[in-house]
Structure formats: structure tokens, C-alpha cells
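Listed below, chain by chain, are the residues.
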Amino acid sequence: MSKPPQSFSFWCFTGKGVGDRELLELARGLGYAAVELIDESLWPLARDAGLAIASVGGHDGIAHGMNRPENAARIEREVRANLEKAVEWGIPNLICFSGNREGLDDATGLANCAEQLARLAPHAEAAGVTLILEVLNSKVDHADYMADKIGWGAELVERVGSPRVKLLCDLYHTQIMEGDLIRTIGKHHPHIAHYHTAGNPGRGPLDQRQEINYPAVLRAIQATGYRGYIGHELLPPGDPVAALRDAFALTETSLSVPG
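Residues numbered from 1 in each chain as written. Predicted model: local features only at pLDDT ≥ 70, side-chain atom pairs only at ≥ 80, totals over all residues. Heavy atoms only, no water.

1. A closer look at the overall build of the chain
- Along the backbone of the chain there are 10 helices and 8 strands.
- By the compact-globule yardstick of 18 Å for 259 residues, the chain fits well, its C-alpha radius of gyration being 17 Å.
- With respect to the principal axes defined by its C-alpha atoms, the chain has extents near 45 × 40 × 35 Å.
- In the chain, which comprises 259 residues, the share counted as buried stands at 54%.
- Looking at the chain as shown, the accessible area adds up to about 10600 Å², and 51% of this sits on carbon and sulfur atoms.
- Taken as two groups, the 24 positive and 33 negative side-chain charges of the chain have centres that lie 4 Å from each other. (Helix = DSSP H or I, 4+ residues; strand = E, 2+ residues; numbered from the N terminus. Rg over C-alpha atoms; globule rule 2.2 N^0.38 Å. Buried < 20%, exposed > 50% of the residue type's maximum accessible area, 1.4 Å probe, protein only. Areas by Shrake-Rupley, 256 points an atom, 1.4 Å probe, with all protein chains shown as cover. Lys, Arg positive; Asp, Glu negative; His and termini not counted. Charge placed at Lys NZ, Arg CZ, Asp CG, Glu CD.)

Okay, here's the thing in C-alpha cells:
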């Protein structure tokens, strides 16, 4: 069984005592295949370091997203522009957001998101790029965010019905909101195109001080036949390179064990 490649979210590790070029080169040396959520001005540095770019933002605004019709024209312009960049740079995923509830009921918000994504889906299909709606926790980090459960997101993906509209499952956020990670992955993996990791509580390293059994969860992901990136979006408490090394090693070791 082949192992999914690993990536890391640049914003978590930059500005912590290691220069950007050095950080990218060290990550490649550790075995990382890609970087994510890195500023466009640094894309050439990533390429020079031998790293692909696994994902970037598809549009502005976590809180002001696709669940509000008044945001639709702006988001469509931004997504279509970013699809062109994704094609040019070989970026497989653009991250999208539902937006906050702000009193809007979940059924109406889902319908609005589905309508927006259905309009964008043909453009994503033509580009060969996947729009991944991120499921975030509304309990700790993103109060009032609408897409806070994997099941809600899965219903949205089903309604749009495009192979280029899927979910970003961040295991840290999902653990906070609903737990039951292995069963959730098993049920909804056809709707998921990308995974992020971090320890809970605290969004720290994947170590013994947090509650997620990452070796078992990572093997559950591998068992679904997933071939996308495992992206580490954790906040290192100290040396960012040591945190990158530890996350890579734990993931590599976990996926080496038959599950």
C-alpha cells in the first residue's frame, strides 16, 4: 500500500528564526513533497527548493464566504483568477469557506454554498483543480462558522455533484467538534480531497501530550486508498525545523505499519 506524500502549511512555521528559503530547503531535505498556504511572492522559492504547492486560498474571507449571496460575485472573480494561477503553477487544491452563520440557518446556507460551487465547478473541472471547502471548528477558533461538521460538508459535496468539489478535513478541527475520527473518515472519505493535522488541544505537535491517536488515524486514512497530501498545520512550540522533522517522522512511521 503506497503512502500519501506529506506537506506543511508555511504560515505555521515561518518567522520563527529560520529564513524562508532555508525553511523550504530544509523541509525538502526532510522528505516533504509540498508546501501549502504560502504567499504568492514565495512560490518561486518553493519551486526552487523542489517543493510542489499543495493548496492555497481560493478566495478571501473565512467569515464572509459562500453562504451569503451578496458575496457570490466577489468570490467567483477571486476563485476564477486563482484557478488560472493554480493551472500555471500546478496547484491541485484551492481552499474555500462557507462563511459564518450570522443568524442564517444551516439549510439555507448550505443551499447558497451549493449554488455558488455549482457555478464554479465547471471552471474547476476544466482547470483540473479541486475546490476544497474547509470544515473548521466553531467552538474554539472560528466562532459562528457554518461548515463546522463533516456531515454538513458531505451533504454539500453530494448536492453539487462534481469531482472537483470536495472537502478539506482538518483533523484538529474535526476532533474538537465531533471526535470519532476513524469512523468519520471511513464514512465520508469519498467526499474528502485533503487532510490537515495538528494536536488537540492547542494545535500543537502530534505528540503524547495531545489526545488524537495519530498513528491509528493516519492508517485509517491510508486504508481508504487516499493518495493526496497529508498536510501538517500545527503550531510549533519551539524550533520549527524540529517540529517539521517530528511530524514527518511520526507520519512516515505510522504509514509504514500495515493498517
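2. So, the pairing of strand 3 (residues 52-57)
- Direction of pairing for strand 2 (residues 34-36) relative to strand 3: parallel, over a ladder of 3 bridges. Paired with Glu-36 across the strands is Ser-55, a residue of strand 3.
- Of the crossover connections in this fold, the one passing from strand 2 over helix 3 (residues 43-48) to the parallel strand 3 is right-handed.
- After leaving strand 3, the chain enters helix 4 (residues 72-89) and then returns to the sheet as strand 4 (residues 93-96), a path that is right-handed. (Pairing = 2+ DSSP bridges. Right-handed = clockwise from strand over helix to strand, strands pointing away.)

3. Focus on the packing of aromatic side chains
- Going through the model one piece at a time under the given rule, you end up with 5 aromatic pairs.
- When the centroid spacing of 4.9 Å and the interplanar angle of 90° are considered together, the rings of Tyr-195 and Tyr-226 count as edge-to-face. Of the two residues, Tyr-195 is situated in strand 7 (residues 192-197) and Tyr-226 in the loop between helix 9 (214-223) and strand 8 (230-232); the sequence distance between them amounts to 31 residues. The same class applies to Tyr-195 as to Tyr-226, namely buried.
- Taken together, the aromatic side chains of Phe-8, Phe-13, Tyr-32 and Phe-248 make up a single cluster linked through ring pairs. (Phe/Tyr/Trp six-rings, centres within 6.5 Å; stacked < 30°, edge-to-face > 60°.)

4. Describing unusual backbone geometry
- For the peptide bond that leads from Asn-200 to Pro-201, omega is 0°, which places it in the cis range.
- Here Pro-201 is to be found in the loop between strand 7 and helix 9.
- A positive phi angle, near 50°, is found at Glu-102, a position not held by glycine.
- With respect to the secondary-structure elements, Glu-102 resides in the loop between strand 4 and helix 5 (106-127).
- Here Glu-102 falls in the partly exposed class, since its relative accessible area comes to 48%.
- Not every positive phi belongs to a glycine, and Arg-203 is a case in point at roughly 60°.

5. Regarding the side chain of Thr-174
- By the secondary structure assignment, Thr-174 is in helix 7 (residues 171-177).
- What makes Thr-174 buried here is its relative accessible area of 2%.
- Other than its neighbours up to four places away in sequence, Thr-174 contacts Ile-150, Cys-169, Gly-179 and Leu-181. (Contact = heavy atoms within 4.5 Å.)

6. A few points about the sheet that holds strand 8
- Spatially, 8 strands are ordered 1-2-3-4-5-6-7-8 in a closed barrel, and the strand pairing comes out parallel. On average, each strand axis in the sheet is inclined to that of its neighbour by 30°, with strand direction left out of account.
- Alignment of strand 6 (residues 165-170) against strand 7, held across 4 bridges, turns out to be parallel. Note that in strand 7 the partner of Cys-169 across the bridge is Tyr-195. (Axes fitted to C-alpha atoms, helices over the stretch in contact; angles between N-to-C directions.)

7. So, helix 9
- Turning to helix 9, its buried residues number three or more, namely Tyr-214, Val-217, Leu-218, Ala-220, Ile-221 and Gln-222.
- In the core, the buried residues of helix 9 are packed alongside helix 7, helix 8 (181-188), strand 7, strand 8 and helix 10 (240-256).
- Just beyond helix 9, the residue with positive phi is Gly-225, at close to 90°.

8. A few points about the pairing of strand 1 (residues 6-9)
- The side-chain alternation of strand 1 yields two buried faces, one formed by Gln-6 and Phe-8 and the other by Ser-7 and Ser-9.
- As paired elements, strand 1 and strand 8 share 3 bridges and run parallel to each other. Bridged to Ser-7 within strand 8 is Gly-231.

9. Topic: the side chain of Asn-200
- As for its position among the elements, Asn-200 is in the loop between strand 7 and helix 9.
- Look at Asn-200 and you get buried, because its relative accessible area is 8%.
- Looking at Asn-200, its side chain comes within polar contact range of the side chain of Glu-211, at 2.6 Å.
- Asn-200 has contacts with Tyr-172, Gln-175, Ile-176, Gln-210, Glu-211 and Ile-212, leaving out every residue within four places of it along the chain. (Polar contact = N/O pair within 3.5 Å; in protein donor to acceptor, adjacent residues only side chain to side chain.)

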